[in-house]
Every structure is written in structure tokens, then in C-alpha cells.
Amino acid sequence: MHQIFTSPGVSILTVQVDLMHIKHLGSDKYMYGSVLYLLCYTVMESLEPLKNLKTIAREMRLYYALNRTPTRYRYMNRLGMFVKKKGLPCLRGRAAEVKHFGKALESTWRNHMNRNLEIHQKVALMLKMNNQVETVLDMHKGKFNAPEPDALTLEASAFSAMQIQQELRQFFA
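Rules of the game
Residues numbered from 1 in each chain as written. Predicted model: local features only at pLDDT ≥ 70, side-chain atom pairs only at ≥ 80, totals over all residues. Heavy atoms only, no water. Axes fitted to C-alpha atoms, helices over the stretch in contact; angles between N-to-C directions. Helix = DSSP H or I, 4+ residues; strand = E, 2+ residues; numbered from the N terminus. Parallel < 35°, antiparallel > 145°, perpendicular 65-115°, else oblique. Left-handed = near helix turned anticlockwise from the far one by under 90°. Contact = heavy atoms within 4.5 Å. Nonpolar A, V, L, I, M, F, W, Y, C, P; charged D, E, K, R; others polar. Phe/Tyr/Trp six-rings, centres within 6.5 Å; stacked < 30°, edge-to-face > 60°. Buried < 20%, exposed > 50% of the residue type's maximum accessible area, 1.4 Å probe, protein only. Polar contact = N/O pair within 3.5 Å; in protein donor to acceptor, adjacent residues only side chain to side chain.

Caption draft 1: Looking closely at the packing of helix α3 (residues 49-67) against helix α5 (residues 102-112). Contact pair α3 / α5: the axes reach a minimum separation of 9 Å and the direction vectors enclose 125°. Of the possible angle classes, the one that applies to α3 and α5 is oblique. Note that α3 runs across α5; the crossing there is right-handed. Of the residues in α5, those in contact with Ile56, Glu59, Met60, Tyr63 and Tyr64 of α3 are Lys103, Ala104, Leu105, Ser107, Thr108, Asn111 and His112. Grouping the amino acids of the contact of α3 with α5 by side-chain chemistry returns 6 nonpolar, 4 polar and 2 charged.

Caption draft 2: Examining the packing of aromatic side chains more closely. Following the criterion strictly, the structure yields 4 aromatic pairs and no others. Look at Tyr37 and Tyr41: their rings are 4.4 Å apart centre to centre, the planes differ by 20°, and that puts the pair in the stacked class. In this pair, Tyr37 and Tyr41 are both assigned in helix α2 (residues 19-43), 4 residues apart and thus about one turn of the helix distant. On the basis of relative accessibility, which here comes to 34%, the residue Tyr37 falls in the partly exposed class. Residue Tyr41 is classed as partly exposed on the basis of its relative accessible area of 36%. Between Tyr73 and Phe101 the ring centres are 5.3 Å apart and the planes differ by 65°, which places this aromatic pair in the edge-to-face class. One end of the pair, Tyr73, is in the loop between α3 and α4 (95-99); the other, Phe101, is in the loop between α4 and α5, and 28 residues separate them in sequence.

Caption draft 3: Focus on the side chain of Asn130. In this structure, Asn130 sits in helix α6 (residues 118-139). Since its relative accessible area comes to 3%, Asn130 is described here as buried. One polar contact links Asn130 to Tyr32, side chain to side chain, over a distance of 2.9 Å. Setting aside anything within four residues of it in sequence, one finds Asn130 in contact with Lys23, Asp28, Met31, Tyr32 and Ala161.

This is the structure we're talking about:
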């Protein structure tokens, strides 16, 4: 047992990771906003980003319906949902919307990516690994730990997603 737990009032509940703020309202919002930016401004055929966003919204609504997504991102009607005046692209939204956004975004990315470009393949893999993290977390919702095989999958997927995200950040910088 770590010595921190001998302090009065300190337990696993005081140091448990806050996934909602760190992942869904943190790194995921920047990851998803950046992928949307790439789709709307560089990857898709139309030169009009708003037109591309409407196509993405249509595809994601179809994905949500076919996969019975519990919480859907509703307001995909303006570029301001992820483009900021200053700073990096960042998806706006509630934690539950962002949490369930990844699989639909991965599907949409795969529909539009250039499979011959390594950088596009890396984006797809980053989204896949991030969604794998979400899947394992959902399987063990409300538990303090996961069985070893799932814990190893969670760890490997999370590290892979973040490593690829770092590589992409350096590439696009």
C-alpha cells in the first residue's frame, strides 16, 4: 500500500482518475476537433467547409441510428462547434456527447480518408485505439479495476492513441 493512503481521509476515491474531465472534456475534445478540422478543410472534396460539415453530420446521424448510440451529438450545423478564433480546434459539447462521438467520427473518417496516405492511416489508428479505450472502460463501468487481459488492452490502447496523437501534433505543427 502506498504511504499516501495512511493519511487521514485519503482513499482510492480521493485519487481516482476523473475520466470525464481528463478524457471526454479534455484530450478527446481536442482530438475530435482536430479530426473534424482536417475533414472539413483539407480531406473532403468540397471547397466549402460548412458543406463538408453538413455531409459529416448526415453520415454521423446515420451511424448513430444504425448503432443505437445512447447519446448523440446534436448541433453539427456550424463550424464554431470545433473551430475557435484562437488556439487549436476543440469540439464543444457535453461529456456524454463527446464520449459517444468517437466511433461515429472514426466511421466518417474512414469513409473520406485517403488510404494511400500514411498520415491518414495514423489518424484512423488513433481514433480506433481511442475507441478501444472507451469500449474497455464501458465494459467495466463502475469498477475500480478490470481483469488483467482487459487492463492490458486498456493500457496498450491508451498509450498507442496518445503516442500517435503526439506524432500527428508534431507532423501538423
